[in-house]
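Here's the letter readout for the chains.
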Amino acid sequence: MGLRVLGCLFNLPTAVIYGSLSLFVSILHNVFLLYYVDTFVSVYKIDKLSFWIGETVFLIWNSLNDPLFGWLSDRVFLSTQQSGVEISSPEVILKRLKALSRNGPLFAISFLAFWVSWAHPGLQFLLCLCLYDSFLTMVDLNHNALLADLAVSAKDRTSLNFYCSLFSAIGSLSVFMSYAVWNKEDFFSFRIFCVVLALCSVAGFTLATWLLRQRFETEVKVKWDQESTLKELYIEQPSAPLEKRITLGEYLKQLSRHHNFLWFVCMNLVQVFHCHFNSNFFPLFLEHLLSDRISLSTGSFLLGISYIAPHLNNLYFLSLCQRCGVYAVVRGLFFLKLALSIIMLLAGPDQVYLLCIFVASNRVFTEGTCKLLNLVVTDLVDEDFVLNRRKQAASALLFGMVALITKPGQTFAPLIGTWLLCTYTGYDIFQRAPLSNVVSAQPKLVSNAAWEPALRQGCFYLLVFIPITCALLQLLSWSQFSLHGRRLQTVKSQRQSLTQSQSREIKMI
């Protein structure tokens with residue numbers, strides 16, 4: 001029986017095993033996002049100063065660690081012929097799989113550090129956030145880089161991304177299961193639940209990376225056998241000229257000349273801002289626009305569906321990408337965002353059912369767009385490979401540079417959102433009882449009942465004008481992005497020909 005199961009695992013397609021890695025990340029990360037703030041504020045009683053210090057340090061580290069780890073991982077790929085040694089694609093994939101096999105279990109262990117009090121709340125908050133984000137970044141960078149390294153054709157990459165979305169949707173179910181054990185007063189059941197999730201993640205990372213390594217170690221072994229055979233026959237391979245190692249400054253100069261990269265990060269910065277704006281203010285919109293008009297179960301359903309629907313929706317978007325191309329699908333989603341927002345603005349805040357659909361679809365489509373953009377980054381990896389005549393694609397480094405420029409959108413989202421809300425309505429979300437405080441500061445003629453419609457109107461305008469503004473900015477920058485159609489096919493064919501010629505070099509000698 002055990003041999004039969006092992007045989008079935010060995011026969012699984014590479015895309016399925018690659019996609020399963022998303023499951024072992026999402027079962028932990030969704031629970032983390034939902035509960036870590038509430039745990040430290042309500043259970044560990046962290047003070048406000050320590051909380052903001054921890055968040056500030058985390059935001060800085062969160063932006064810097066992506067390019068830092070990407071550079072440490074891929075700098076050797078920028079000129080791979082140092083010391084006359086060439087790195088082949090299977091060796092690059094093995095390097096990333098070894099990094100995943102190490103950092104995946106460490107990521108799961110760092111997740112557990114949140115749910116047991118082992119230090120002063122402020123110190124534990126800071127250390128836990130930075131450790132967790134470091135291992136998560138290493139996992140994400142290497143996992144995303146494999147998307148560019150395992151396949152070059154758009155069809156194969158879409159298949160890989162399809163299974164990632166499928167397994168991410170399955171992983172989102174951990175959020176629904178967590179409701180059954182979450183209890184601030186009795187934390188024991190929730191801790192056991194988190195331990196079980198972490199053990200599943202460790203086992204999953206270990207097994208999935210081991211299965212993938214078995215496949216590519218065979219290719220590397222064949223290459224080594226061919227090289228040893230040539231040495232035994234005294235056939236010398238032509239030595240490649242030594243190349244100067246590219247410095248970080250030179251690499252940044254190359255990126256500054258990569259116009260499609262620059263237009264993409266401009267668009268993606270707005271996209272990251274919009275995704276996190278929706279995440280940050282989704283509960284606020286439910287409370288002030290819909291809480292008195294829908295039942296509690298309907299609100300819970302909207303909140304739950306906003307986690308799982310983007311992954312399921314992405315399965316359909318990926319099938320569209322195979323027929324129409326990623327560029328056309330992303331552009332269509334921007335137009336859809338703009339059209340829905342204008343329709344909602346014209347309809348007004350009193351159309352309850354339309355408002356429910358808009359609040360949910362706005363988050364679902366925005367998150368869905370974010371998940372498609374990894375495919376665009378892999379195309380940029382191909383173009384960077386061709387434009388700079390690299391010996392190996394520096395995929396993890398490029399993903400890291402994209403994150404460096406776009407992650408500030410995570411910080412801008414709550415800052416700009418709260419500033420706009422406070423400016424136009426006077427509502428401060430950081431006050432414990434904001435409505436009563438604001439009302440008491442107004443003249444006595446202004447009652448609480450008179451104030452609430454103004455807040456509701458302000459939330460509605462924030463809900464519709466942010467997507468309209470984001471959509472217009474994104475359509476402007478996306479129209480300048482030229483890596484699609486014939487140009488994309490040319491870049492892919494050039495990369496495939498270069499990769500194939502490099503892999504055939506030993507056989508041709």
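Residues numbered from 1 in each chain as written. Predicted model: local features only at pLDDT ≥ 70, side-chain atom pairs only at ≥ 80, totals over all residues. Heavy atoms only, no water.

Draft legend 1. How the structure looks around the pattern of salt bridges. Applying the stated criterion across every chain, the model contains 12 salt bridges. Between Lys492 and Asp382 there is a salt bridge, with the nearest N and O atoms lying 3.1 Å from each other. On the criterion of sequence distance, the pair formed by Lys492 in helix H18 (residues 486-503) and Asp382 in helix H13 (residues 352-387) is long-range, its members being 110 residues apart. Residue class for Lys492 comes out buried when judged on its relative accessible area of 5%. (Salt bridge = Lys/Arg side-chain N within 4 Å of Asp/Glu carboxyl O. Helix = DSSP H or I, 4+ residues; strand = E, 2+ residues; numbered from the N terminus. Buried < 20%, exposed > 50% of the residue type's maximum accessible area, 1.4 Å probe, protein only.)

Draft legend 2. Spotlight on the confidence of the model for the chain. In the predicted model, the chain carries a mean pLDDT of 81, and the fraction of residues at 70 or more is 83%. Highest mean pLDDT in the chain belongs to helix H12 (residues 326-347) (94); lowest belongs to helix H19 (residues 505-508) (31). Within the model, pLDDT remains below 50 along residues 80-85, and this stretch shows 16 contacts once partners closer than five positions in the same chain are excluded. When the criterion is pLDDT under 50, residues 502-509 qualifies, and its contacts beyond four places in sequence or with other chains add up to 15 contacts. (pLDDT = per-residue confidence, 0-100. Contact = heavy atoms within 4.5 Å.)

Draft legend 3. Local environment of a nonpolar patch on the surface. Where nonpolar side chains cluster on the molecular surface, the patch consists of Ile170, Leu173, Phe176, Met177 and Tyr179 and spans about 460 Å² of accessible area. Among the elements that make up the nonpolar patch, the one with the highest residue count is helix H7 (residues 173-178) (three residues). Within the secondary structure layout, Phe176 lies in helix H7. Look at Phe176 and you get partly exposed, because its relative accessible area is 37%. (Patch = residues over 30% accessible without salt bridge, like charges linked within 9 Å, V, L, I, M, F, W, Y side chains within 5 Å. Areas by Shrake-Rupley, 256 points an atom, 1.4 Å probe, with all protein chains shown as cover.)

Draft legend 4. Highlighting the nonpolar core. Counting residues in each nonpolar core, the largest one holds 100 residues, and the members touching the most others are Phe107, Phe111, Phe114, Trp115, Phe264 and Trp478. In terms of residue count, the dominant contributor to this core is helix H2 (residues 14-43) (15 residues). When near neighbours in sequence (up to four residues on either side) are disregarded, Phe107 contacts Phe24, Val25, Leu28, Tyr132, Phe135, Leu136, Val139 and Phe205. Of all hydrophobic cores here, the second largest spans 30 residues; its members include Phe277, Leu355, Leu420 and Cys459. (Core = buried A, V, L, I, M, F, W, Y, C linked by side-chain atoms within 4.5 Å.)

Draft legend 5. The side chain of Asn65, seen in detail. Position of Asn65 among the secondary structure elements: in helix H3 (residues 48-74). Side-chain polar atoms of Asn65 contact the side chain of Asp133, separated by 2.7 Å. For Asn65, the residues in contact, after removing those within four places along its chain, are Asp133, Ser134, Thr137 and Lys407. (Polar contact = N/O pair within 3.5 Å; in protein donor to acceptor, adjacent residues only side chain to side chain.)

Draft legend 6. Main features of helix H5 (residues 121-150). Along its 30 residues, H5 runs 42 Å from first to last C-alpha, staying within 8% of the 44 Å computed at 1.5 Å per residue. Along H5, 24 of the 30 residues are buried, which leaves the element largely enclosed by surrounding structure. (Expected span 1.5 Å × (residues − 1).)

Draft legend 7. Local environment of empty space enclosed by the protein. If you walk through the whole model with that rule in mind, you get three cavities of 30 Å³ or more. The computed volume of the largest cavity comes to approximately 80 Å³. Around the largest cavity, the lining residues are Leu333, Phe334, Lys337, Leu340, Ser341, Phe358, Ser361, Asn362, Phe365, Thr366 and Thr369. Elements represented by at least two residues in the lining of the largest cavity include exactly H12 and H13. Sorting elements by how many residues they give to the lining of the largest cavity places H13 first, with six residues. Grouping the amino acids of the lining of the largest cavity by side-chain chemistry returns five nonpolar, five polar and one charged. Counted as a void, the second largest cavity has a volume near 40 Å³. Residue lining of the second largest cavity: Asn278, Phe282, Phe285, Val359, Asn362, Arg363 and Leu463, and that is the complete set. Counting residues per element, the ones that place at least two in the lining of the second largest cavity are helix H10 (259-290) and H13. (1 Å grid on protein atoms, 1.4 Å probe; cavity = no way out; pocket = protein on both sides within 12 Å on 5 of 7 lines; lining within 4 Å. Points joined across faces, edges and corners; volume = space filled by probe spheres on them. Nonpolar A, V, L, I, M, F, W, Y, C, P; charged D, E, K, R; others polar.)

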